[in-house]
Amino acid sequence: MLFRSMGCPAKKVYGRLCGSALLGDEDLVARLLEAVVQAVPVPVTVKIRTGIDRQHVNGVAIARRAAAAGVQAIAVHGRTRADFYEGEAEYETIRDICAEANIPVFANGDITSAEKARDVLAHTGADGVMIGRAAHGAPWIFRDVNAFLATGALPPPLLRPQIRDIILTHLDALYAFHGEASGVRIARKHLGWYCQHHTLTRTYRSSLMAAADSSAQFALARECFDAWVEDEGA
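Residues numbered from 1 in each chain as written. Predicted model: local features only at pLDDT ≥ 70, side-chain atom pairs only at ≥ 80, totals over all residues. Heavy atoms only, no water.

Chemist: What am I meant to see in the pattern of salt bridges here?
Modeler: Pairing is possible between side chains of opposite charge, provided their charged atoms come close. On inspection of all chains with the given rule, the structure shows ten salt bridges. Between D27 and R65 there is a salt bridge, with its nearest N and O atoms 2.9 Å apart. Remark: R65 occurs in helix α3 (residues 59-69) and D27 occurs in helix α2 (residues 26-39); sequence separation between them is 38 residues. Note on D27: relative accessible area 44%, which makes it partly exposed. Each of R79, D110 and R133 takes part in a single network of salt bridges with overlapping partners. (Salt bridge = Lys/Arg side-chain N within 4 Å of Asp/Glu carboxyl O. Helix = DSSP H or I, 4+ residues; strand = E, 2+ residues; numbered from the N terminus. Buried < 20%, exposed > 50% of the residue type's maximum accessible area, 1.4 Å probe, protein only.)

Chemist: Sorry, what's going on with the packing of aromatic side chains here?
Modeler: Remark: the centre distance and the inter-plane angle together describe each pair of aromatic rings, the angle taken between the planes. Counting across every chain of the model gives two aromatic pairs. The interplanar angle of 25 degrees and the centroid separation of 6.3 Å between the aromatic rings of W140 and Y194 together place this pair among those described as stacked. Pair noted here: W140 is in the loop between β5 (128-130) and α6 (141-151) and Y194 is in helix α8 (residues 180-197), with a separation of 54 residues, a long-range link. A residue is classified by how much of its surface remains accessible, and Y194, at 2% relative accessible area, is buried. Note on F225 and W228: the rings are 6.1 Å apart at their centroids and 85 degrees apart in plane angle, and the pair reads as edge-to-face. Residue F225 and its partner W228 are both found in helix α10 (residues 214-232); the two are separated by three residues, about one turn of the helix. The pair formed by F225 and W228 is uniform in burial state, with each residue classed as buried. Between the NZ or CZ atom of R49 and the centre of the ring of Y85, over which it lies, the distance is 4.9 Å. (Phe/Tyr/Trp six-rings, centres within 6.5 Å; stacked < 30°, edge-to-face > 60°. Lys NZ or Arg CZ within 6 Å of the ring centre and 35° of its normal.)

What follows is the structure in structure tokens.
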């Protein structure tokens, strides 16, 4: 499945008339999506925002053009480009898109818990939710959401040793996928998020950010989260 984003609000992207800037030209969006759908042998999906700003909320029209172009699913962030990530996401536009769309729609924006996922699905009629920032430093949110939606109950909280093992496995996967230099650089932001979530690990943050190679970074991470695990029983 090929994913095309028309939701990025970053100035460096928007300024090049990419990402969410495309929402200002519905005809161009239609041509781009038609070209991509015709060019690739896999299903094409797209992510959008509700519009450029609150005065130009055209998410329904964009979704209509996307479906007509052959896009197979659409994810909608409940903010305009002008909103960036400020304020609260609104789900009425997503609900309007779901009411009309003949393709799957995924609601995005401020999905921070399993209960919020349930409420947004009920309000919008979306086929699913997309979770972004809430997974930073807490990727087990997907486990919680899936379990809650399936059973109506949250699973037992993860134990500290389980969380440590997830973090270390994540680091290994980052190094393997991205290579040494990029893996270390990308791992820094994830380690920063993990440390934000767990107060007792924050004293290690500067050392983790300064580690020059994967061996040093991984060793420090193991030391950090081993100490955090041991502190639980102190």
